[in-house]
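Read off the chains here:
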Amino acid sequence: MKQLRSFQLRIALLAAALAGSTLVGFGAVSWFQIYNAKMSQFDTELLNQLMRASRPHERERLHRRPELLSFGLESNSKTPIAMLVLDGNGNTIFQFNSLPADIQVNRLLVQRLQATPSPPPPPREQPNPPLDLPPRPLPPQFVTAKTATATWRIGAIKFPDNQQVAIAVSLQAVDQEMATIRNIFLVSIPVSLLLVTLGAGLISRRALRPISQLTDAIQQVTVKGLDQRIPIGKTDVEFVELIQVFNQMLSRLERSFTQASRFSADAAHELKTPLTILQGELERTLQQVDPGSEVQQRLSNLLDEVRRLSGIMRKLLLLSLADAGQMSLYLVEVDMSQLLMEMVEDVELLAPHLIVQTDIPTGLKVQGDRDLLMQVLQNLLSNAIKYNLADGWIKIEAQKLPTNIQITIANASKDIPASDRHRLFDRFYRGDPARNRQVEGIGLGLSLAREIARAHRGDLTLNAISDGQTAFTLTLPIQR
């Protein structure tokens, strides 16, 4: 269906339709023009032969040498010809038929003569014409008739001296020539249409190349590719303005994103110091108040909120660095097997009511930032605990592939609606069950975890839908 809606295909089909209509019309008009020209040539020759046959001495020559009735067809002496000359009483003066077996043509000649009007008699005062010149007749009549064996062109004329002449010539040669021309058209027109369609397709593809470049550029536009621009070069003038507008749009997007990213980074940096001071003051004040008092409880709540704000600030700072492509990694060899086992011990302490299943082979090592990778695993395991079912389970699996390692963390959970699955990695997005404060989080953990994985040239994905569980897979390359 997409192919039928292709603009390039429509251009090619439209060009083929226009060219086909033109070629078919031209072929039909040409065929009829050629046919009419040949028939006019036949009629002219028929008229000449009719005038010759009206002369007695010419009839004697034709009687002795019938082959003189060539009608311009010397190259085809086998063309069937028939002639009939009658006097005023309808008696036959001369008769010739190159197809003696075809007696229908003789009947056609007689019928044609009977249907031909007689000319008026010459005026009395007009002198008698010379013997060699026939009297002036009415214009002859030409018709096409068919018999069982052939198609004939018949000409008939009556002279003032009551002499009647009719000649029939077979159109076999003309039909053969016209059939040859028709076959040439039937072969050449489809071939021409095919060439026109291919040519139109190539031309339209070349003409739409700037659109393809725009499409490729749009597909590559990400937060890290806003600096790309499409070169104008030798682009056709019709697309120059479109490319310029697109480049200007990219410039505005890059400027806006740079300002937003810089604002996030600057805000995070500016908040870092006062939050650190506020956290330190709260901790010191908390140590000076009476244990168990109402003031201590309030200060503890405030300290929790400050720590929560500090966590948000750190995540925002990391995300702004990731958006700008400036997330710095302290690369060391990280033993993911050991790191996962340490995480499993923490899970067993934090959620003893959950069943933890592991399948972690030894020797899974990658080059990466240990602290950031630990943050990714902590986030995934923290979500597996927070969004688990009562008396549920957590399953941790790891495997080594030829070029990367894959770590899958699954947990028992309610089914995630299809409308929410593609939004889980959106920043500040939390599903409806997680919008209450009983489940901690602000919706930045998964987004930050995926950015960290991609900074390591890996990825973090949500596995396919499976009833009663949620599973995430972390992929990390073995070698960078």
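Everything numeric in this text was worked out from a predicted model, so none of it was measured.

1. Structural notes on the sheet that holds strand β2 (residues 92–97)
Read from one edge to the other, the open sheet built from 5 strands follows the order β2-β1-β5-β4-β3, with strand pairing classed as antiparallel. Whereas interior strands pair on both sides, the edge strands pair on one side only; in this sheet they are β2 and β3 (141–146). Neighbour to neighbour, the strand axes of the sheet diverge by 15° on average, direction disregarded. By the bridge criterion, 6 bridges tie β3 to strand β4 (residues 151–158) in an arrangement that is antiparallel. The partner of T144 across the bridge, within β4, is R153.

2. A few points about the sheet that holds strand β11 (residues 459–462)
In spatial order, the strands read β7-β9-β10-β12-β11; together these 5 strands make up an open sheet with mixed pairing. The two strands at the open ends of the sheet, each matched to only one other strand, are β7 (355–359) and β11. Taking the axes of each pair of neighbouring strands and ignoring which way they run, one obtains an average angle of 15° across the sheet. Across 7 bridges, strand β9 (residues 393–400) lies against strand β10 (residues 404–412) in antiparallel orientation. Paired with I396 across the strands is I409, a residue of β10. On top of the sheet, helix α9 (residues 370–386) reaches β9, β10, β11 and β12 (469–477); it is set at about 25° to β10, its chief contact.

3. Focus on empty space enclosed by the protein
As enumerated under the stated definition, the model contains 2 cavities of 30 Å³ or more in all. In this structure, the largest cavity encloses a volume near 40 Å³. Here the residues of the lining of the largest cavity sort into 2 nonpolar, 3 polar and 2 charged. Here the second largest cavity defines a volume of roughly 40 Å³. Residue lining of the second largest cavity: L380, N383, A384, I409, N411 and F472, and that is the complete set. When residues of the lining of the second largest cavity are traced back to their parent elements, those giving at least two are α9 and β10. Sorting elements by how many residues they give to the lining of the second largest cavity places α9 first, with 3 residues. Taken together, the residues of the lining of the second largest cavity sort by class into 4 nonpolar, 2 polar and no charged.

4. Focus on helix α11 (residues 445–455)
For α11, a buried count of 8 out of 11 residues is recorded, marking the element as mostly surrounded by other parts of the structure. Remark: R457 follows α11 within two positions and exhibits a positive phi of approximately 65°.

5. A closer look at the packing of aromatic side chains
Geometry of an aromatic ring pair is reported as the spacing of the ring centres plus the angle between the planes. Evaluated as defined, the whole model comprises 3 aromatic pairs. Arranged with centres 5.2 Å apart and planes meeting at 90°, the rings of W31 and F32 form a pair that is edge-to-face. With 6.1 Å between their ring centres and 85° between their planes, F425 and F472 make a pair best called edge-to-face. Here F425, found in the loop between α10 (418–421) and α11, pairs with F472, found in strand β12; they are 47 residues apart in sequence, far enough to count as distant. Both residues of the pair, F425 and F472, belong to the buried class. Each member of the aromatic cluster is reached from another via a ring pair, and the members are W31, F32 and Y35. The side chain of K395 reaches across the aromatic face of W393, ending 5.6 Å from its centre.

6. As for the pattern of salt bridges
Following the criterion strictly, the structure yields 7 salt bridges and no others. Residues R153 and D43 are paired through a salt bridge, measuring 2.8 Å at the closest nitrogen-oxygen approach. A residue pair is termed long-range when its members are at least 10 positions apart, and R153 in strand β4 and D43 in helix α1 (residues 7–53) qualify at 110 residues. We classify R153 as buried; its relative accessible area is 12%. The salt bridge partner of R284 is E281, with a shortest N-O separation of 2.8 Å. Of this pair, R284 and E281 are both found in helix α6 (residues 237–288), 3 residues apart, which corresponds to roughly one turn of the helix. You can call E281 partly exposed: its relative accessible area is 36%.

7. Comments concerning the packing of α9 against α11
Contact pair α9 / α11: the axes reach a minimum separation of 9 Å and the direction vectors enclose 145°. Relative to α11, the crossing made by α9 is left-handed. Listed contacts from α11 to L372, Q375, V376, N379, L380 and N383 of α9 are G445, L446, L448, A449 and I452. Partitioned by chemical class, the residues of the contact of α9 with α11 number 7 nonpolar, 4 polar and no charged.

8. So, the confidence of the model for the chain
Here the chain averages 77 in pLDDT, while 79% of its residues score no lower than 70. For the stretch residues 433–437, pLDDT sits under 50, and the model shows 8 contacts to residues farther than four places along the chain or on other chains.

9. Points about the side chain of D43
Taking the relative accessible area as the measure of exposure, D43 reaches 15% and is therefore buried. In this view, D43 contacts F142 and R153; residues no more than four positions away in its chain are not counted.

10. Points about the pairing of β10
Looking along a regular strand, one sees the side chains alternate between the two faces of the sheet. Of all 9 residues that make up β10, 8 are buried, and the element is covered over most of its length. Taken together, β9 and the strand that follows it, β10, pair antiparallel across an intervening segment of 3 residues. Note: β10 against β12, 9 bridges, orientation antiparallel. Its bridge partner lying in β12, I409 is registered against F472.

11. Some points on the packing of helix α8 (residues 336–350) against α9
At a closest axis distance of 11 Å, the pairing of α8 and α9 adopts a crossing angle of 35°. α8 and α9 meet at a crossing whose hand is right-handed. Contacts from M336, L339, L340, E342, M343, V347 and L350 of α8 reach α9 at R370, L373, M374, L377, Q378, L381 and I385. Broken down by class, the residue content of the contact of α8 with α9 amounts to 11 nonpolar, 1 polar and 2 charged.

Basis of the calculations
Residues numbered from 1 in each chain as written. Predicted model: local features only at pLDDT ≥ 70, side-chain atom pairs only at ≥ 80, totals over all residues. Heavy atoms only, no water. Pairing = 2+ DSSP bridges. Helix = DSSP H or I, 4+ residues; strand = E, 2+ residues; numbered from the N terminus. Axes fitted to C-alpha atoms, helices over the stretch in contact; angles between N-to-C directions. Contact = heavy atoms within 4.5 Å. 1 Å grid on protein atoms, 1.4 Å probe; cavity = no way out; pocket = protein on both sides within 12 Å on 5 of 7 lines; lining within 4 Å. Points joined across faces, edges and corners; volume = space filled by probe spheres on them. Nonpolar A, V, L, I, M, F, W, Y, C, P; charged D, E, K, R; others polar. Buried < 20%, exposed > 50% of the residue type's maximum accessible area, 1.4 Å probe, protein only. Phe/Tyr/Trp six-rings, centres within 6.5 Å; stacked < 30°, edge-to-face > 60°. Lys NZ or Arg CZ within 6 Å of the ring centre and 35° of its normal. Salt bridge = Lys/Arg side-chain N within 4 Å of Asp/Glu carboxyl O. Left-handed = near helix turned anticlockwise from the far one by under 90°. pLDDT = per-residue confidence, 0-100.

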